[in-house]
Amino acid sequence: MTYDVVVVGGGHAGCEAACAAASLGMGTLLITMDMNKVGQMSCNPAIGGIAKGQIVREIDALGGHMGIIADTTAIQFRMLNRSKGPAMWSPRAQCDRAKFITTWREHLDGIPHLDVWQDQVEELLVEDGAVSGVRTMWGATVKARCVVITAGTFLNGLMHIGRCQVPGGRIAEPAARHLTESITRHGITTNRMKTGTPVRIDKRTVHFDEMEVQHGEDDFHKFSFLPGPRPLGQLNCWICYTNPEVHEVLRASLADSPLYNGQIQSIGPRYCPSIETKLVTFPEREQHMLFLEPEGENTNEMYLNGFSSSMPMEVQIEALRKIPALRDMKVYRPGYAIEYDFFDPTQLKHTLESKKVRGLFFAGQVNGTTGYEEAAGQGLVAGVNAAIYSGGGEPFIMHRDESYIGVLIDDLVTKGVDEPYRMFTSRAEYRILLRQDDADARLTERAYQLGLATSQRREWWMEKKRQLEHIIEVCEQTPIRPKEVNGKLEALVTTPLHYGCKAIDLLGRPQVSLEVLQELAPAVKEAISSIPNRREEIAEAAEVRMKYKGYIQRERMVADKMHRLEDIKIKGRFDYPNMTQISIEARQKLQRINPETLAQASRIPGVSPSDINAMLVLLGR
């Protein structure tokens with residue numbers, strides 16, 4: 001078999017990578033252990049969340065598939081952080097696990113130039129420093145110009161429940177035993193990480209009347225910018241809390257926890273700690289919040305968010321039965337921890353191609369990240385660049401002021417990881433520019449020029465852009481007269497007008513929303529009422545642009561200044577070990593990372609502003 005691109009692994013990174021490469025016209029083969037588990041949500045069947053939701057919207061704006069599939073299978077949708085500014089708003093959806101998989105399979109089956117092969121890759125084939133293909137467990141040799149590794153937690157995966165250890169990449173699925181060694185023999189370094197998942201509970205044995213209900217939101221918000229509603233009904237999630245009795249049971253068995261008896265040596269995710277880690281880290285806390293979330297429309301299985309654990313199964317069950325609402329619970333399976341191999345991402349270029357082996361790309365948890373969304377974003381970028389590598393063209397690189405995906409990849413290749421990386425809005429210095437409402441404005445035109453986004457998607461964006469600009473223009477031109485609005489302004493507890501102004505100026509007040517403005521200015525109401533499609537979405541995007549115009553412009557100026565450093569290429573221009581003008585730490589870090597631009601060099605931990613100034617002087621700038 002011969003292909004342009006081979007993608008190893010059918011998780012979220014692998015599926016997006018395969019679709020992207022195939023959509024750009026490259027003959028692509030996706031190799032996965034189980035064709036019936038593509039896009040499997042190994043932990044919580046939820047997509048999005050703080051900053052992660054922005055990544056999903058970016059994937060969609062670029063022509064990826066995660067957003068569409070999440071909308072199709074969403075059983076509870078919420079917009080998080082509504083109490084904060086729009087830069088922080090983050091969509092999240094609980095999805096039907098089984099339907100998510102079948103919908104992904106349907107998408108894969110509908111992509112031209114994409115084949116699927118069920119097998120396990122055991123060997124990477126390399127000739128003269130470049131990828132030449134892979135060899136599988138069943139002896140199949142596949143020749144390829146590019147290989148994208150998206151093996152998730154399967155590389156030498158080892159699962160832990162108490163003192164029991166079982167090799168595997170996911171519960172009831174085998175580990176990939178030889179691929180890591182095949183890759184590291186080419187000078188690529190590896191290390192180990194750990195993650196975990198909680199018990200699954202039978203909802204028929206839960207006392208929901210003793211829990212707090214958490215409703216979803218049934219409004220216009222969703223992940224995809226394409227038209228169409230979310231088709232499935234919205235289910236409730238539920239909230240309960242641990243208590244001192246739960247903690248007492250768990251503390252009594254910490255000696256049997258793989259995290260504390262020396263069984264697990266690798267580092268787990270800081271921002272998704274196990275319940276035993278919470279007890280050790282926050283010993284003064286008498287309770288921890290737990291969310292009981294549905295796994296699907298037609299199943300009794302529920303996911304206990306907040307109780308990830310690798311404690312012995314009998315300890316997990318005994319502890320949870322100390323919670324009143326769960327006193328009679330039955331579980332489908334206990335929680336477990338898993339250790340797996342990952343590769344140091346500082347060994348990658350911004351295209352996610354290896355610096356050691358040409359044509360070899362990495363995406364997802366093998367780069368030290370955690371989360372379906374981070375994996376999918378990397379997969380899309382790796383798939384696009386693998387296609388470009390195979391067919392020619394300029395590399396596809398996303399910048400920090402352009403997308404959260406750009407922030408993610410720059411953090412990985414510049415700073416590396418010492419724990420599983422997850423995205424937060426605080427990691428993006430330009431988060432006012434990277435809002436969830438404007439991902440299509442930032443990325444769809446570029447994706448269309450690349451050939452990734454369809455003409456239909458671009459037309460939907462162009463229509464939205466026209467309508468959005470029309471609303472803003474009307475607000476800029478519509479006069480507001482004090483005598484016509486002062487009574488309503490006083491009712492809103494905001495200062496009355498002494499002079500006339502334009503509608504957009506009034507919108508700058510915290511008390512005045514676009515909905516209120518429509519009552520004050522009939523012309524604005526008429527402009528919004530005339531929008532034929534996606535009226536609420538377009539109106540919200542217009543309001544954000546107008547209300548935060550000053551902040552957006554200021555952040556754009558800062559980003560443009562940083563772009564000047566992005567334009568200064570430095571790779572191959574310095575002999576770092578012999579540069580006495582900069583600190584020893586900076587020399588060592590620059591030698592190891594070998595940054596492409598001066599801007600990337602400035603983001604390396606240990607490289608100071610004075611080091612950057614010295615490099616500018618040496619460049620004659």
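As shown above, the structure is provided for reference.
Residues numbered from 1 in each chain as written. Predicted model: local features only at pLDDT ≥ 70, side-chain atom pairs only at ≥ 80, totals over all residues. Heavy atoms only, no water.

(A) Up close: the overall build of the protein. The helix and strand tally for the protein stands at 21 helices and 22 strands. Relative to its length of 621 residues, the protein is compact, with a C-alpha radius of gyration of 26 Å against a globular reference of 25 Å. Long-range contacts, defined here as pairs at least 24 residues apart, represent 73% of the contacts in the protein between residues at least 6 apart. Looking at the protein as shown, the accessible area adds up to about 25500 Å², and 51% of this sits on carbon and sulfur atoms. (Helix = DSSP H or I, 4+ residues; strand = E, 2+ residues; numbered from the N terminus. Rg over C-alpha atoms; globule rule 2.2 N^0.38 Å. Contact = heavy atoms within 4.5 Å. Areas by Shrake-Rupley, 256 points an atom, 1.4 Å probe, with all protein chains shown as cover.)

(B) Focus on the pattern of salt bridges. Per the stated rule, a full pass over the model turns up 43 salt bridges. Across the salt bridge formed by Lys52 and Glu373, the nearest N and O atoms sit 3.4 Å from each other. In this pair, Lys52 sits in helix 2 (residues 52–61) while Glu373 sits in helix 9 (residues 372–391), placing the two residues 321 residues apart along the sequence. Given the relative accessible area of 9%, Lys52 is considered buried. (Salt bridge = Lys/Arg side-chain N within 4 Å of Asp/Glu carboxyl O. Buried < 20%, exposed > 50% of the residue type's maximum accessible area, 1.4 Å probe, protein only.)

(C) Geometry of the packing of aromatic side chains. A complete count under the given rule lists seven aromatic pairs for this structure. Here Phe77 and Phe223 contribute two aromatic rings whose centre-to-centre distance is 5.5 Å and whose plane-to-plane angle is 70°, an arrangement assigned as edge-to-face. With Phe77 in strand 4 (residues 74–80) and Phe223 in the loop between strand 14 (212–214) and strand 15 (237–241), this pair connects stretches of sequence that are 146 residues apart. Here the aromatic rings of Phe343 and Phe362 are separated by 5.1 Å at their centres, their planes lie at 50°, and the arrangement is tilted. Taken together, the residues span a long stretch of sequence, with Phe343 in strand 19 (residues 336–343) and Phe362 in strand 20 (residues 360–362) at a distance of 19 residues. Considered together, Phe343 and Phe362 belong to a single accessibility category, that of buried residues. In this structure, Arg57 is placed above the aromatic ring of Phe225, and the distance from its NZ or CZ to the ring centre is 3.9 Å. In this structure, Arg427 is placed above the aromatic ring of Tyr421, and the distance from its NZ or CZ to the ring centre is 4.3 Å. (Phe/Tyr/Trp six-rings, centres within 6.5 Å; stacked < 30°, edge-to-face > 60°. Lys NZ or Arg CZ within 6 Å of the ring centre and 35° of its normal.)

(D) Spotlight on the environment of Leu250. Here Leu250 shows up in helix 6 (residues 244–252). Taking relative accessible area as the criterion, Leu250 reaches 1% and is therefore assigned buried. For the pair formed by Leu250 and Met311, sequence separation is 61 residues and the distance between their alpha carbons is 8.1 Å.

(E) The arrangement of unusual backbone geometry in detail. The phi dihedral of Arg534 falls on the positive side, at around 50°, and the residue is not glycine. With respect to the secondary-structure elements, Arg534 resides in the loop between helix 16 (522–529) and helix 17 (535–547). The residue Asn594 is not glycine, and still its phi comes out positive at about 50°. In this structure, Asn594 sits in the loop between helix 19 (584–593) and helix 20 (598–602). Overall, Asn594 belongs to the partly exposed group, its relative accessible area being 28%.

(F) Quick peek at the nonpolar core. Counting 98 residues, the largest nonpolar core has Val6, Ile47 and Ile149 as the members making the most contacts within it. Here this core gets 10 residues from one element, more than from any other, and that element is helix 9. Setting aside anything within four residues of it in sequence, one finds Ile149 in contact with Val8, Leu179, Ile183, Leu360, Phe361, Phe362, Ala363 and Val366. Of all hydrophobic cores here, the second largest spans 29 residues; its members include Ile472, Ile528, Ala542 and Met546. (Core = buried A, V, L, I, M, F, W, Y, C linked by side-chain atoms within 4.5 Å.)

(G) Quick look at the packing of helix 12 (residues 455–477) against helix 16. Their axes nearest at 9 Å, the elements helix 12 and helix 16 cross at an angle of 175°. For the element pair helix 12 / helix 16, the angle class is roughly antiparallel. Two secondary-structure elements touch here, helix 12 through His470, Ile471, Val474 and Cys475 and helix 16 through Ala523, Val524, Ala527 and Ile528. Across the contact of helix 12 with helix 16, the residue classes tally to seven nonpolar, one polar and no charged. (Axes fitted to C-alpha atoms, helices over the stretch in contact; angles between N-to-C directions. Parallel < 35°, antiparallel > 145°, perpendicular 65-115°, else oblique. Nonpolar A, V, L, I, M, F, W, Y, C, P; charged D, E, K, R; others polar.)

(H) Spotlight on the side chain of Thr197. Along the chain, Thr197 turns up in strand 12 (residues 190–197). With residues near it in sequence (within four places) discarded, Thr197 still touches Ser42, Cys43, Tyr303, Ser308, Ser309, Arg333, Gly335 and Tyr336.

(I) A look at the pairing of strand 1 (residues 2–8). Judged by how many residues are buried, strand 1 sits mostly within the fold: six of seven residues are covered. In this sheet, strand 9 (residues 141–149) lies alongside strand 1 in parallel orientation, the contact comprising six bridges. If you follow Thr2 over to strand 9, its bridge partner there is Lys143. Note: strand 1 against strand 2 (residues 28–32), four bridges, orientation parallel. Its bridge partner being in strand 2, Val5 is matched across the sheet by Thr28. You can see the chain leave strand 1, run along helix 1 (residues 12–23) and come back into strand 2, and the turn it takes is right-handed. (Pairing = 2+ DSSP bridges. Right-handed = clockwise from strand over helix to strand, strands pointing away.)

(J) How the structure looks around the state of the cysteines. Per the stated rule, a full pass over the model turns up zero disulfides. The thiol of Cys272 is not disulfide-bonded; the next cysteine sulfur, from Cys43, is found 6.1 Å away. The closest cysteine sulfur to the non-disulfide-bonded Cys501 is located on Cys475, 11 Å from its own sulfur. (Disulfide = S-S within 2.5 Å.)

(K) How the structure looks around the sheet that holds strand 4. A sheet is described by the order of its strands in space; here three strands give the open sequence 3-5-4, paired in antiparallel fashion. Only two strands of the sheet have a single partner each, and these edge strands are strand 3 (46–48) and strand 4. Taking the axes of each pair of neighbouring strands and ignoring which way they run, one obtains an average angle of 15° across the sheet. Relative to strand 5 (residues 90–95), strand 4 runs antiparallel, the two sharing six bridges. What sits directly across from Phe77, in strand 5, is Ala93. Running at roughly 115° to strand 4, helix 3 (residues 66–73) makes contact with strand 3, strand 4 and strand 5 of the sheet.

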